[in-house]
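Here are the chains, one letter per residue:
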Amino acid sequence: MVFVLLGAVSIAAVIGSIVVTARDGYRRQPRETFARTV
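Thresholds, definitions, all that
- Residues numbered from 1 in each chain as written.
- Predicted model: local features only at pLDDT ≥ 70, side-chain atom pairs only at ≥ 80, totals over all residues.
- Heavy atoms only, no water.
- Helix = DSSP H or I, 4+ residues; strand = E, 2+ residues; numbered from the N terminus.
- Buried < 20%, exposed > 50% of the residue type's maximum accessible area, 1.4 Å probe, protein only.
- Patch = residues over 30% accessible without salt bridge, like charges linked within 9 Å, V, L, I, M, F, W, Y side chains within 5 Å.
- Areas by Shrake-Rupley, 256 points an atom, 1.4 Å probe, with all protein chains shown as cover.
- Salt bridge = Lys/Arg side-chain N within 4 Å of Asp/Glu carboxyl O.

Draft legend 1. Summary view of the overall build of the chain. Looking only at helices and strands, one finds one helix and zero strands in the chain. Of all 38 residues assigned to the chain, the portion counted as buried reaches 3%.

Listed below in structure tokens is the structure:
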């Protein structure tokens, strides 16, 4: 019973991490290098 609950929580955490990463806009940043600003 404990292992089933732990597995369910782990799956929910992985799905939650994917959703947050997809929503935070990280992949939509422009692909600019900052070499010119240094």
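Draft legend 2. Spatial organisation of a nonpolar patch on the surface. On the surface, Ile11, Ile15 and Val19 cluster together into a nonpolar patch covering about 270 Å² of accessible area. You can see valine 19 is positioned in helix 1 (residues 2–23). For valine 19, a relative accessible area of 36% puts it in the partly exposed group.

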